[in-house]
Amino acid sequence: MKKGVIVFASLALLLGLGAPAFSQVASRSVETIMIDNFDGTDSNVDWTWNVQASRFVTEGYPIVNTFDALPNSLKAVTKADESHKVLGVKIKFDRKGDNWFEVYPEKDGKPYEIPFAGTVKALDFWVWGAHYLYFLDILVRDADGRVHILRAGNLAFDGWKQFIIDIPTYIRQHSRLRSGPAEMKFVGFRITTDAAEYVDDYMIYFDHFKYSTNALSNIFDGYELQNSDFGDNNENKKEGK
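Let us look at the structure shown here.

1. Some thoughts on the overall build of the chain
Now for step 1: A count of helices and strands for the chain gives 2 helices and 13 strands.
Now for step 2: The buried share among the 241 residues of the chain stands at 35%.
Now for step 3: Here the contacts in the chain between residues at least 6 apart in sequence split such that 76% fall between residues at least 24 apart.
Now for step 4: As displayed, the chain offers around 15,000 Å² of accessible surface, 52% of which is attributable to carbon and sulfur atoms.

Have a look at this one:
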């Protein structure tokens, strides 16, 4: 009888049945994190937004600014007495063709890639379309340093529309190495014109850019030990000590 108990206990340990509850992280745990609502009230946002465009952009464009506005669908879940803003871009090109422009975060005058927390399930944001046949893509950089293009769809609609973009499972969001990149990053929005579409007067707006994620997915029992200080420094590493 004792032998049977010992065998069962050993199997339980091998299968993880005996692991303490506080060491477990629920794989289906999901929370929503706001990247930027463009209201200028979030103290965690320490970047601005800028725009770059392809070669045939009209001189003086693109122009980026914020405006007092809010999608009607969001008015029910926001405070009416607060000021709400959206990010707007206006652009013109000198000729039709394969034109594009990118809206990206910037810090200290340089492009800034916003790190995501946890394992991202989906990106969620609102876009104001002007019914031009343009196409919207999302650029993200994976934990191996590669930039991926996520197709959001066309912008041939009027007014506000919510986009929810699932993150493909083939994108590596965390490095398998302790010293590798800790997370996937947001690079920017890219808008591409249809070759036959008008390009002489275009506007687009963005609002409530957020994402859903399992923020604890990359946390394991003892994760803090991966940053332990062993007393070695960069000089010792360079000298091979």
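2. Digging into unusual backbone geometry
Now for step 1: In this chain, Tyr61 is followed by Pro62 through a cis amide linkage whose omega measures 0°.
Now for step 2: Take Pro62: it is sitting in the loop between strand S2 (48-53) and strand S3 (63-68).
Now for step 3: Positive phi outside glycine occurs at His131, with the angle close to 65°.
Now for step 4: Summarising the element assignment, His131 is placed in the loop between strand S8 (119-130) and strand S9 (134-141).
Now for step 5: What makes His131 partly exposed here is its relative accessible area of 45%.

3. Observations regarding the packing of aromatic side chains
Now for step 1: According to the stated counting rule, one finds 19 aromatic pairs in the structure shown.
Now for step 2: Measuring from centroid to centroid gives 5.1 Å for Trp128 and Tyr205, while their planes differ by 85°, and the two rings are edge-to-face. Of the two residues, Trp128 is situated in strand S8 and Tyr205 in strand S13 (residues 202-214); the sequence distance between them amounts to 77 residues.
Now for step 3: A connected cluster of aromatic rings, assembled from ring pairs, spans Phe38, Trp49, Phe125, Phe157, Phe163, Phe186, Phe189, Phe206 and Phe209.
Now for step 4: The lysine or arginine in question, Arg190, covers the ring of Trp100, its NZ or CZ lying 5.7 Å from the ring centre.

4. Examining the pattern of salt bridges
Now for step 1: With the rule as written, the count across this model stands at 10 salt bridges.
Now for step 2: In this structure, Asp144 engages Arg146 in a salt bridge whose closest nitrogen and oxygen atoms are separated by 3.4 Å.
Now for step 3: Judged by its relative accessible area of 41%, Asp144 is partly exposed.
Now for step 4: Measuring nitrogen to oxygen at the nearest pair gives 3.0 Å for the salt bridge that ties Asp144 to Arg172.

5. Examining the side chain of His174
Now for step 1: On the secondary structure map, His174 appears in the loop between strand S11 (158-166) and strand S12 (185-193).
Now for step 2: One polar contact links the side chain of His174 to the main-chain carbonyl oxygen of Gly118, over a distance of 3.2 Å.
Now for step 3: In terms of polar contacts, His174 uses its side chain to reach the side chain of Thr119, at 3.0 Å.

6. Structural notes on the environment of Ile191
Now for step 1: Mapped onto the fold, Ile191 is located in strand S12.
Now for step 2: When the C-alpha positions of Ile191 and Glu102 are compared, they lie 6.2 Å apart, and in sequence the two are 89 residues distant.
Now for step 3: The residues touching Ile191, leaving out its near neighbours within four places in the chain, are Asn99, Trp100, Phe101, Val103, Tyr134, Phe135, Leu136, Leu155, Ile204 and Phe206.

7. Considering the environment of Gln52
Now for step 1: Along the polypeptide, Gln52 turns up in strand S2.
Now for step 2: Its relative accessible area of 37% is what places Gln52 among the partly exposed residues.
Now for step 3: Considering only alpha carbons, one finds Gln52 and Glu102, 50 residues apart in sequence, at a separation of 5.4 Å.
Now for step 4: If near-sequence neighbours (up to four positions away) are discounted, Gln52 is found in contact with Trp100, Phe101, Glu102 and Tyr104.
Now for step 5: Within the local environment of Gln52, its side chain forms a polar contact with the side chain of Glu102, the two groups lying 2.8 Å apart.

The rules behind these values
Residues numbered from 1 in each chain as written. Predicted model: local features only at pLDDT ≥ 70, side-chain atom pairs only at ≥ 80, totals over all residues. Heavy atoms only, no water. Helix = DSSP H or I, 4+ residues; strand = E, 2+ residues; numbered from the N terminus. Buried < 20%, exposed > 50% of the residue type's maximum accessible area, 1.4 Å probe, protein only. Contact = heavy atoms within 4.5 Å. Areas by Shrake-Rupley, 256 points an atom, 1.4 Å probe, with all protein chains shown as cover. Phe/Tyr/Trp six-rings, centres within 6.5 Å; stacked < 30°, edge-to-face > 60°. Lys NZ or Arg CZ within 6 Å of the ring centre and 35° of its normal. Salt bridge = Lys/Arg side-chain N within 4 Å of Asp/Glu carboxyl O. Polar contact = N/O pair within 3.5 Å; in protein donor to acceptor, adjacent residues only side chain to side chain.

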